[in-house]
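# Descriptive analysis of the structure
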Amino acid sequence: MGTGNRGLIAAAVTVVCAVTVLAAPGTAFADPGPAPSPAVGAPAPGASAPGAKDLEAVREQLDRLYRAAAVATDEYNAVEERTRRQSAELAALARKIVEGRQRLALLKEWAGAAARAQYRSGGLPDEAKLVLSDDPREFLDGTGRVIQGQRATKGLIAETERAQQDLKTYAEDASTQWRRLEANRKARAAAQKKIEKQIARAEKVESELEKEERERLAKLEREAAQRAQTAWLGSGIMEEIGGEASEDGRKAVEFATAQVGKPYAWGAEGPAAYDCSGLTSRAWASAGLAIPRTSQQQWKQLRQVETEDMRPGDLIIYFEDASHVGMYVGDGRVVHAPRPGRTVTIAGAGSMPILGVVRPDPA
């Protein structure tokens, strides 16, 4: 093999080895939309306590901020999932390059032995003839040794050329994957800043409220959720919902409800904390079924069912952008990881705007 090919292979192996120190994702991010104006919020210190309308404006502002963070988190999670696949593909390329180098080294050893044998007796060494033979029995029977030697020589040359081409292809693929990972490492860092900025702004709004105001705000949140749940139940939906959980669905529900009380953390998949889709994906993984990582992917890729046909273990997707997900547990309730500052909890299934319902298991 020429000096150029040797340099290419060495460069490829260097690229692949470097992947062990890189953990980077694989896509750019959509802007979740302009941040809400900070003008709406808590009063400055010393100002009079905000009235009900003012606190309702604060509640709506916090909802927008946390929703924007949820959208960015979903995008971040999707990148993490792609990164895992890319890293696995790059590791596979690394193994192929190592195996290819070993194969090429063996072929070169055979080529050297062939040259020496050619000089001495006009043929390849017996072990090379046997491995490269189209019909080992013909070789072992001792018939057509001259023809067999010529065929083996051609086979050795062809095999060497294939090994060189394979190594070149693997090196090019590895370089491409490396460039993607490096570019997306920067994209992930930018997305992380976006998420943290949205959460920090929301936390600042809350921190500027007095204790009594925070309590009133929490009450407003509960009342808004209760109104939505009451309206949902008032539609008569529970008269139609009566499906029983599958065996896998029961296992998923048991896992998810066992996480109640654990904190929300964006990008988290347990066991100490979860985000909304981290909880649902891990719950179904505990039942032996891998499902997409994000709420948006769960909505797009899993089988959709009518709300009246849902059963425990099904996933309820919320909001028009599919930015939130919870698991139906029966009796009109859902278990979910709400947002930063909250814990995994049981809530009314209709307490948020429902986009639709998906079923992970095929049963």
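Residues numbered from 1 in each chain as written. Predicted model: local features only at pLDDT ≥ 70, side-chain atom pairs only at ≥ 80, totals over all residues. Heavy atoms only, no water.

Here we come to the UniProt feature "coiled-coil region" (unreviewed entry) in the chain. As recorded in UniProt, the feature "coiled-coil region" (unreviewed entry) lies at residues 55-82 and 188-230. The span residues 55-82 shows a helical share of 100% and a strand share of 0%, and its end C-alpha atoms are spaced 41 Å apart. (UniProt positions renumbered as here; feature names shortened; annotations may be inferred. Helix = DSSP H or I, 4+ residues; strand = E, 2+ residues; numbered from the N terminus.)

Quantified by volume, the largest pocket comes out at close to 1100 Å³. Forming the boundary of the largest pocket are 41 residues, of which Asp63, Ala225, His336, Pro338 and Met352 lie nearest the centre. At the level of elements, helix 2 (52-121), helix 6 (211-234), helix 8 (276-286) and strand 5 (345-348) are the ones that each hand at least two residues to the lining of the largest pocket. Ranked by the residues each element gives to the lining of the largest pocket, the list is headed by helix 2, at ten residues. Grouping the constituent residues of the lining of the largest pocket by class yields 20 nonpolar, twelve polar and nine charged. Counting the residues that make up the lining of the largest pocket, at least three belong to each of domain 1 (52-206) and domain 2 (243-359). (1 Å grid on protein atoms, 1.4 Å probe; cavity = no way out; pocket = protein on both sides within 12 Å on 5 of 7 lines; lining within 4 Å. Points joined across faces, edges and corners; volume = space filled by probe spheres on them. Nonpolar A, V, L, I, M, F, W, Y, C, P; charged D, E, K, R; others polar. Domains from an automatic or database assignment.)

What follows deals with helix 8. For helix 8, the tally of buried residues reaches eight of eleven residues, placing the bulk of the element in the interior. Inspection of helix 8 places Cys276, Ser277, Gly278, Leu279, Thr280, Ser281, Ala283 and Trp284 among the buried residues, and these make up the whole buried set. (Buried < 20%, exposed > 50% of the residue type's maximum accessible area, 1.4 Å probe, protein only.)

It is worth spelling out a negative patch on the surface at this point. Residues Glu239, Glu240, Glu306 and Asp309 make up a contiguous surface patch of negative charge. For Glu239, the position within the fold is in the loop between helix 6 and helix 7 (247-258). (Patch = residues over 30% accessible without salt bridge, like charges linked within 9 Å, V, L, I, M, F, W, Y side chains within 5 Å. Areas by Shrake-Rupley, 256 points an atom, 1.4 Å probe, with all protein chains shown as cover. Salt bridge = Lys/Arg side-chain N within 4 Å of Asp/Glu carboxyl O. Lys, Arg positive; Asp, Glu negative; His and termini not counted. Charge placed at Lys NZ, Arg CZ, Asp CG, Glu CD.)

This part takes up unusual backbone geometry. Pro271 follows Gly270 through a cis peptide bond whose omega is -5°. Tracing the backbone through its elements, the reader meets Pro271 in the loop between helix 7 and helix 8. Unlike most non-glycine residues, Ala322 shows phi in positive territory, near 55°. Checked against the element boundaries, Ala322 lands in the loop between strand 2 (315-318) and strand 3 (324-330).

Moving on, we get to helix 6. If you check helix 6, its first and last C-alpha atoms are 34 Å apart, about what 24 residues at 1.5 Å a residue would give, namely 34 Å. Residue Gly236 follows helix 6 closely and has a positive phi angle near 85°. (Expected span 1.5 Å × (residues − 1).)

On to the pattern of salt bridges. Oppositely charged side chains can form a pair if their charged atoms are brought close together. Within the structure shown, the criterion is met by eleven salt bridges. Measuring nitrogen to oxygen at the nearest pair gives 2.9 Å for the salt bridge that ties Arg359 to Asp314. Taken together, the positions of Arg359 in strand 6 (residues 354-359) and Asp314 in the loop between strand 1 (303-305) and strand 2 put the pair 45 residues apart, joining distant regions of the chain. Taken individually, Arg359 and Asp314 each receive the classification buried, so the pair is uniform in this respect. Put simply, Glu269, Asp275, Arg282 and Arg293 are held in one network by salt bridges that share partners.

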